[in-house]
Amino acid sequence: MGERTGQCLCGAVTIRADMGDTIQACHCVQCQRWTGGGPYLAAKASDVEITGGKKVAAYHASEWGERAVCGTCGATIYWRMQGREPRSVAVGLLDDQSGLTVTEEIFVDHRPAWLPAWQGANQSTEAQELAKLQEFLAEQMP
Amino acid sequence: MSETLEGHCLCGAVTIRIDGEHDPRPGACHCRMCQRWTGGLFLCFYAAAETVTVEGPVTRFASSSFAERAFCPKCGSHLWMRDLDGTTSGYDLMPGLFDAARDWPLRSEIYADCAMASVRLEGNHHRETRAEYQAKNPHIEGDAR
């Protein structure tokens, strides 16, 4: 783990976080619409500190998820579970992206034809991810 | 390709219709500005201005002296990038908004030498480096690095 910094396109939102070296790529249709087409590339992070938080615009596309962008420039900031600390940030924000590897791909059944699979990454389908999510939500609301 | 296509942002507040000529192949850009904006991989396809109809709220951000980037103010979906020279410029639209675009082949990569080590696109599509693209487009005074 090590500290990394980043910022949105216009600089209104900056982040600082303790980060490992792994990225999760999500190919779900919501992420494709949100980012514009590519997978959402989430760099795993903890202790995420955000400055310019008033500029962050959040949207709840589901009952559990929150998607945040910069309200000024539209840059993708993070996806998180509602009410929880972000556990990842968009890799594109990072000032230094070196040493980061995609180790996990989810919703792989929605990966576009032109995008090759990441060799060696764990792969899971929409059905597998939704089953995991239901299990998680059931634990939260017994 | 000439057909009618309809796309939506994630929350449905913005609808984009294309009625006419467009290029059904997304191109990728790996420049730092595009990486920071999308969060990773920027993709777009071209449609002529007169073919595009936009309904709904749109926030525009002028990311340089010559181009704007548009997004939905409600859900943050990325919509397009477009030159700022008025109404004649075509749209570089985000393919993720259009269901039909999921099966389109990749057209090209620009700033290919700036791609993240973790994002490598395979295939024999056209590729240009940062230097090659900027030599062809001298109005670009320098992207954020």
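**Describing the overall build of chain B**
Along the backbone of chain B there are 2 helices and 11 strands. Beginning at the N terminus, the succession of helices and strands in chain B can be written as β-β-β-α-β-β-β-β-β-β-β-β-α. With respect to the principal axes defined by its C-alpha atoms, chain B has extents near 35 × 30 × 25 Å. Across chain B, contacts joining residues at least 24 apart in sequence account for 53% of those joining residues at least 6 apart.

**Notes on the overall build of chain A**
A count of helices and strands for chain A gives 2 helices and 9 strands. When its helices and strands are written in sequence order, chain A yields β-β-α-β-β-β-β-β-β-β-α. Rg of the C-alpha trace for chain A: 15 Å, near the compact-globule value of 14 Å for 142 residues, within the 12% margin. Along the first, second and third principal axes, the C-alpha set of chain A runs to 35 × 35 × 30 Å. Within chain A, the fraction of its 142 residues that count as buried is 44%. Long-range pairs, those at least 24 residues apart, make up 51% of the contacts in chain A between residues at least 6 apart in sequence.

**Some details on the sheet that holds strand 8 (residues 78-83) of chain B**
All names here are of chain B. Ordered by their spatial adjacency, 8 strands build an open sheet running 6-7-8-9-4-3-10-11, and the pairing between neighbours is mixed. Pairing within the sheet leaves two strands with one partner each, and these edge strands are strand 6 (59-62) and strand 11 (126-128). Each strand of the sheet is rotated relative to its neighbour by a mean of 25°, with strand direction disregarded. In this sheet, strand 9 (residues 91-93) lies alongside strand 4 (residues 42-47) in antiparallel orientation, the contact comprising 3 bridges.

**Observations concerning the interface of chain A and chain B**
On the chain B side, the residues contacting the 38 residues of chain A number 36 residues. Elements represented by at least two residues in the side of chain A that touches chain B include exactly helix 1 (29-35), strand 3 (40-51), strand 4 (56-59), strand 5 (65-70) and strand 8 (101-106) of chain A. Looking at the side of chain A that touches chain B element by element, the count peaks at 5 residues for helix 1 of chain A. For the side of chain A that touches chain B, the class distribution of residues is 24 nonpolar, 12 polar and 2 charged.

**Notes on helix 2 (residues 126-140) of chain A**
Here helix 2 of chain A spans 21 Å end to end across 15 residues, near enough to the 21 Å set by a 1.5 Å rise per residue. Of all 15 residues in helix 2 of chain A, 0 are buried; the element is thus mostly exposed.

**Some points on the environment of Cys34 of chain B**
With respect to the element layout, Cys34 of chain B can be found in helix 1 (residues 32-38). Measuring from C-alpha to C-alpha, the distance between Cys34 of chain B and Ser63 of chain B comes to 9.9 Å, with 29 residues separating the pair along the chain.

**Describing the environment of Pro57 of chain B**
Residues and elements named next belong to chain B. Along the chain, Pro57 turns up in the loop between strand 5 (52-55) and strand 6. Sequence separation between Pro57 and Thr15 is 42 residues, and the spatial gap between their C-alpha atoms is 9.4 Å. In this view, Pro57 contacts Ala13, Val14, Cys72, Pro73 and Lys74; residues no more than four positions away in its chain are not counted.

**Thoughts on the sheet that holds strand 6 (residues 76-81) of chain A**
Residue and element names in this part refer to chain A. Read from one edge of the open sheet, 3 strands run 4-5-6, paired in antiparallel fashion. Each of the sheet's edge strands pairs with one partner strand only, and the pair in question is strand 4 and strand 6. Mean inter-strand twist for the sheet, computed between neighbouring axes without regard to direction, equals 25°. Of the strand pairs in this sheet, strand 5 and strand 6 are connected by 5 bridges, and their pairing is antiparallel. Residue pairing for strand 6: Gly65 is matched across the bridge by Met81.

**Here's the deal with the pairing of strand 5 of chain A**
Residues and elements named next belong to chain A. Across 4 bridges, the pairing between strand 4 and strand 5 is antiparallel. Across the sheet, Val56 pairs through a bridge with Cys70, a residue of strand 5. Hairpin geometry of strand 4 and strand 5 is characterised by an intervening segment of 5 residues between the two adjacent antiparallel strands. Joining the antiparallel neighbours strand 5 and strand 6 is a turn of 5 residues, in which Gly74 adopts a positive phi near 85°.

**Comments concerning the pairing of strand 4 of chain B**
Residues and elements named next belong to chain B. For strand 4, a buried count of 5 out of 6 residues is recorded, marking the element as mostly surrounded by other parts of the structure. Bridge analysis of strand 3 (residues 27-29) against strand 4 gives 3 bridges, and the strand direction is antiparallel. Among the inter-strand pairings, Gly27 is bridged to a residue of strand 4, identified as Cys44.

The rules we used
- Think of each chain on its own: its residues are numbered from 1, step by step along the sequence as written.
- Whichever chain is written first is A, and whichever ligand is written first is 1; the rest continue in order.
- Selection of residues for local features in this predicted model requires a pLDDT of at least 70, selection of side-chain atom pairs for listing and counting requires 80 or more, and totals for whole chains, interfaces and linings are taken over all residues.
- Numbering of helices and strands runs from the N terminus; a helix is a DSSP stretch of H or I covering at least four residues, while a strand is a stretch of E covering at least two.
- A residue pair is marked as a contact if its C-beta atoms, positioned from the backbone, fall within 7 Å.
- Throughout, the radius of gyration refers to the C-alpha atoms, and the reference size of a globule is 2.2 Å times the residue count to the power 0.38.
- Burial is judged by counting the other C-beta atoms within 10 Å of a residue's own C-beta: 20 or more makes it buried, 12 or fewer makes it exposed, and any count in between marks it as partly exposed, with every C-beta position built from the backbone.
- Two strands qualify as a pair provided that DSSP identifies no fewer than 2 bridges between them.
- To obtain each axis, a line is fitted to C-alpha atoms, and for helices this fit is confined to the stretch in contact; angles are then taken between N-to-C directions over 0 to 180 degrees.
- For this classification, Asp, Glu, Lys and Arg are treated as charged, while Ala, Val, Leu, Ile, Met, Phe, Trp, Tyr, Cys and Pro are nonpolar and the rest, including Gly, are polar.
- Expected helix span is given by 1.5 Å per residue-to-residue step, counting one fewer step than there are residues.

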